[in-house]
Amino acid sequence: MYGFHATLNLSFDEAVERVTAALKHEGFGVLSDIDIRGAMKEKLGIDMPPYRILGACNPPLAHKALQADPDIGLLLPCNIVVRQEAEGQITVAFIDPMVMMEMVKQPEVQHVAKDAAQRLRQVCESLGQ
């Protein structure tokens, strides 16, 4: 498994707001917000349920990782998917930074990945409260 999930019983917009606030509480900001639903409609004419990819970054952790390996930016930011399964049922999926960084054998990067993973798991757990 390369990620972990939470299920929310909220509207899609409320779920995005809640995820963004929980990320902020753990020191993450959202650097990118990709509207997959909008892109599929615009580019392919396909209708699909709401689906967004949030690119989350914790600046101190990103800085440490970049200091250890300047090419680590290829694996940043940490992606979080917010998708609607049914009306009022939202899945929030988080990338596991430990899995993502398995190919990087530098201890400094592994330490940062562990810290980021713990923080993202805290975010995931907080969403169920």
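Going along each chain's sequence as written, the residues are numbered from 1 onward. The model is predicted, so local features are restricted to residues of pLDDT at least 70 and side-chain atom pairs to those at 80 or more, both for listing and for counting; the totals for chains, interfaces and linings are taken over all residues. Side-chain figures throughout are based on the complete set of non-hydrogen atoms in the structure, without hydrogens or water.

### Brief notes about the state of the cysteines
Here a disulfide denotes one covalent bond, and it connects the sulfur atoms of two cysteines. For clarity, the cut-off: Throughout, a disulfide means two cysteine sulfur atoms within 2.5 Å of one another. Remark: exposure states derive from per-residue accessible area (1.4 Å probe, protein chains only) relative to the maximum for the residue type, with buried under 20%, exposed over 50%, and partly exposed in between.
Summed over the entire model, instances satisfying the criterion amount to zero disulfides. Sulfur of cysteine 57: no disulfide; nearest cysteine sulfur belongs to cysteine 78 and is 7.9 Å away. By relative accessible area, cysteine 78 is classed as buried at 8%.

### Considerations on helix α5 (residues 107-127)
Here is the rule we go by: Helix and strand definitions here come from DSSP, where helices need a minimum of 4 consecutive H or I residues and strands a minimum of 2 consecutive E residues; each element is numbered from the N-terminal end. One less than the number of residues in a helix, times 1.5 Å, gives the span that helix is expected to have. When checking whether two residues touch, look at their non-hydrogen atoms; a contact exists if any pair is within 4.5 Å.
Here α5 contains 21 residues, and its C-alpha end-to-end distance of 31 Å stays within 8% of the 30 Å for a straight helix at 1.5 Å per residue. Among all positions in α5, only Val109, Val112, Ala113, Asp115, Ala116, Ala117, Leu120, Val123, Cys124 and Leu127 are buried. Packing partners of the buried residues in α5 comprise β1 (3-8), α1 (12-25), α3 (59-68), β4 (78-86), β5 (89-95) and α4 (97-100).

### As for the pattern of salt bridges
Between side chains of opposite charge, a pair can form as their charged atoms come close. What counts here: By definition here, a salt bridge exists when the distance from a side-chain nitrogen of Lys or Arg to a carboxyl oxygen of Asp or Glu is within 4 Å.
A full pass over the atoms with the stated rule returns six salt bridges. Its salt-bridge partner being aspartate 33, residue arginine 52 comes within 2.4 Å of it at the nearest N-O pair. Here arginine 52 is found in strand β3 (residues 51-57), whereas its partner aspartate 33 is found in strand β2 (residues 29-35), with 19 residues between them in sequence. When its relative accessible area of 19% is taken as the criterion, arginine 52 is described as buried. Residue aspartate 33 is classed as partly exposed on the basis of its relative accessible area, which comes to 40%. Arginine 121 is the partner of aspartate 96 in a salt bridge, and the nearest nitrogen-oxygen pair spans 3.4 Å. One end of the pair, aspartate 96, is in the loop between β5 and α4; the other, arginine 121, is in helix α5, with 25 residues separating them in the sequence. Look at arginine 121 and you get partly exposed, because its relative accessible area is 37%.

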